[in-house]
Amino acid sequence: MNIILNGETREVAEGTRLSELVETLALAGQRFAIEVNAELVPRSRFSEHPLSPNDRVEIIQAVGGG
Amino acid sequence: MSTDTQSTDRLIIAGKEYRSRLLVGTGKYKDMDQTARAIAASGAEIVTVAVRRTNLGQNPGEPNILEVLPPDRYTILPNTAGCYDAETAVRTCRLARELLDGHKLVKLEVLGDEKTLFPDVMATLKAAEELVKDGFDVMVYTNDDPIVARELEAIGCIAVMPLAAPIGSGLGIRNPLNILTIVENAKVPVLVDAGVGTASDAAEAMELGCDGVLMNTAIAAAKDPVLMASAMRKGIEAGREAFLAGRMPAKRFASASSPIEGLFF
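Because the structure is predicted, anything quoted here is derived from the model rather than measured.

Our next topic: the overall build of chain B. When helices and strands are counted, chain B shows 10 helices and 10 strands. Over its C-alpha trace chain B gives a radius of gyration of 20 Å, about what one expects of a compact globule, namely 18 Å for 265 residues. Expressed along its principal axes, the backbone C-alpha trace of chain B runs to roughly 85 × 40 × 35 Å. Looking at chain B as a whole, 50% of its 265 residues are labelled buried. Roughly 13000 Å² of accessible area belongs to chain B as shown, and the carbon and sulfur atoms make up 52% of that amount. With 28 positive and 35 negative side-chain charges, chain B shows a spacing of 2 Å between the two charge centroids.

Right, let's get into the overall build of chain A. In terms of helices and strands, chain A carries one helix and five strands. Listing every helix and strand of chain A by position from the N terminus yields β-β-α-β-β-β. Whereas a compact globule of 66 residues would reach a radius of gyration of roughly 11 Å, chain A reaches 12 Å, a difference of no more than 12%. C-alpha atoms of chain A, sized along the principal axes, occupy 40 × 25 × 20 Å.

A few words now on the interface of chain B and chain A. Contact with chain B, which involves 27 residues of that partner, is made by 25 residues of chain A. Together chain B and chain A conceal approximately 2400 Å² of surface at their shared face, both sides included; 54% is due to carbon and sulfur atoms. It is B:Arg53, B:Glu98 and B:Leu99 that lose the most area in chain B upon contact with chain A, and together they represent 28% of the buried surface on that side. Linking chain B with chain A are five salt bridges.

Counted under the stated rule, the structure contains 14 salt bridges over all chains. Put simply, B:Arg91 and A:Glu35 hold a salt bridge, and the shortest N to O gap is 2.2 Å. Taken together, the residues span two chains, with B:Arg91 in helix H4 (residues 86–99) and A:Glu35 in strand S3 (residues 33–36). The partner of B:Asp9 in a salt bridge is B:Arg240, and the shortest N-O contact between them spans 2.8 Å.

Residues and elements named next belong to chain B. Tracing the backbone through its elements, the reader meets Gln34 in helix H2 (residues 32–42). Gln34 gets classed as buried once you look at its relative accessible area, which sits at 10%. Leaving out residues up to four positions away in the same chain, Gln34 has contacts with Tyr29 and Pro225.

Residue and element names in this part refer to chain B. Contact geometry of helix H6 (residues 146–155) with helix H7 (residues 176–185) gives a least axis separation of 9 Å together with a crossing angle of 30°. Judged by the inter-axis angle, H6 sits roughly parallel to H7. Between H6 and H7 lies a crossing whose hand is right-handed. From H6, Pro146, Ala149 and Glu153 reach across to H7, where they touch Asn178, Thr181, Ile182 and Asn185. Its residues assigned to classes, the contact of H6 with H7 shows three nonpolar, three polar and one charged.

Residue and element names in this part refer to chain B. As summarised here, the arrangement of the three strands in space is S6-S7-S8, forming an open sheet in which the pairing is parallel. Bordering the open sheet on either side are strand S6 (105–108) and strand S8 (159–162), each of which pairs with just one other strand. Here the average twist between neighbouring strands, direction ignored, is 20°. Strand direction decides the pairing type here: S6 and strand S7 (residues 137–142), joined by four bridges, are parallel. Considered in S7, the bridge of Leu105 is made with Asp137.

Reading the values: rules and limits
- Per chain, residues are indexed from 1 in the order of the written sequence.
- Working convention: letters from A go to chains and numbers from 1 go to ligands, in the order in which they are written.
- Residues qualify for local features only when their pLDDT is at least 70, as the model is predicted, and side-chain atom pairs are given and counted only at 80 or more; totals for whole chains, interfaces and linings, by contrast, use all residues.
- Based on all heavy atoms of the structure, the side-chain values leave hydrogens and waters out of the count.
- Put simply, DSSP H or I for four residues or longer makes a helix, DSSP E for two residues or longer makes a strand, and each gets a number counted from the N terminus.
- As a reference, a globule follows 2.2 Å times the number of residues to the power 0.38, and the radius of gyration itself is taken over C-alpha atoms.
- Throughout, exposure labels follow a simple rule: accessible area from a 1.4 Å probe, protein chains only, divided by the maximum for the residue type, with under 20% read as buried, over 50% as exposed, and the rest as partly exposed.
- Note that accessible areas follow from Shrake-Rupley with a 1.4 Å probe, and for residues the cover is restricted to the protein chains shown.
- Think of it this way: Lys and Arg go in the positive column, Asp and Glu in the negative one, and His and the chain ends go nowhere.
- For charged residues, the charge sits on one atom: NZ in Lys, CZ in Arg, CG in Asp, CD in Glu.
- A contact between two residues is defined here by any heavy atoms of the two lying within 4.5 Å.
- Two parts placed together each lose some accessible area; with a 1.4 Å probe, that loss summed over both constitutes the buried area.
- The salt bridge criterion pairs a side-chain nitrogen of Lys or Arg with a carboxyl oxygen of Asp or Glu, the two atoms within 4 Å.
- An axis is simply a line fitted to the C-alpha atoms; with a helix, the fit covers only the stretch in contact. Between two such axes, the angle follows the N-to-C directions and lies from 0 to 180 degrees.
- Just so you know how the angles are binned, under 35 degrees is roughly parallel, over 145 roughly antiparallel, 65 to 115 roughly perpendicular, and the rest oblique.
- Handedness of a helix crossing follows the sense of rotation of the near helix relative to the far helix, less than a right angle counterclockwise being left-handed and clockwise being right-handed.
- The classification used treats Ala, Val, Leu, Ile, Met, Phe, Trp, Tyr, Cys and Pro as nonpolar, Asp, Glu, Lys and Arg as charged, and all other residues, Gly among them, as polar.
- In this description, strands pair whenever DSSP reports at least two bridges between them.

Following this line, the structure appears as structure tokens:
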């Protein structure tokens, strides 16, 4: 199935959980936060959050800014 | 500052005490090294960051701003820069809170127009209300309108941050009397946010009685950002001392500094 990850279409396995996506992207150890379809998903719930087709996933971090 | 004043004069934001009244942004620097050196020279204890999409694999070795400015050493102030409506501003703050392990302090800015980057006051009020209800400590960017500042304070914002001039313009304090009125009315800290260009602008804000100044471009876009950061630190300190000292009244005509009595000619 396809999801929209940070604005780009990406294919993931049916039923992929957020925790699995995070692992695939090798984000462990980094500071980031995730929202799915404009709703924040707390870190503690990554492993119980399955993705659905066309989900809009945003993974964000802190950057320099004023 | 005299030792006495230095040891007692503190900026209090959301119950936490700070020695420095200069808050700095972390954008527009040449690289992370320059960012770190300029911020060290500024003496700032509160630094703003923006919230953006994570780089997924394009630049894996790139250091993150929070590695350069660790949250255990600096108070991180995530902003909502780039938000043009209340909803995205609130979303951004929630993401920032998660990113920073439940950290409640945010800088709210809801912009109204790309040319001026002036705040959309209606949307700012709406977002502020929602964020305060959700438990955030909101420092809010606003225009230099005393009525709006009063309203934002009434909503429960913990600091009101009127612009001196448009963001990144370096024009200095365009409307000092409005800033003064905001300061006189407020019971929460008032910080000038945006528009200062050089150290005398920062000093002027402090002389007006502001509790602090937040700036980014004035330092980052200077020819020598690290030296300008140091100048800003001194400008803030000088302005604060002058405010606390109480300036002499301005007079139209001269008043001799040497005694008339004892003249021998």
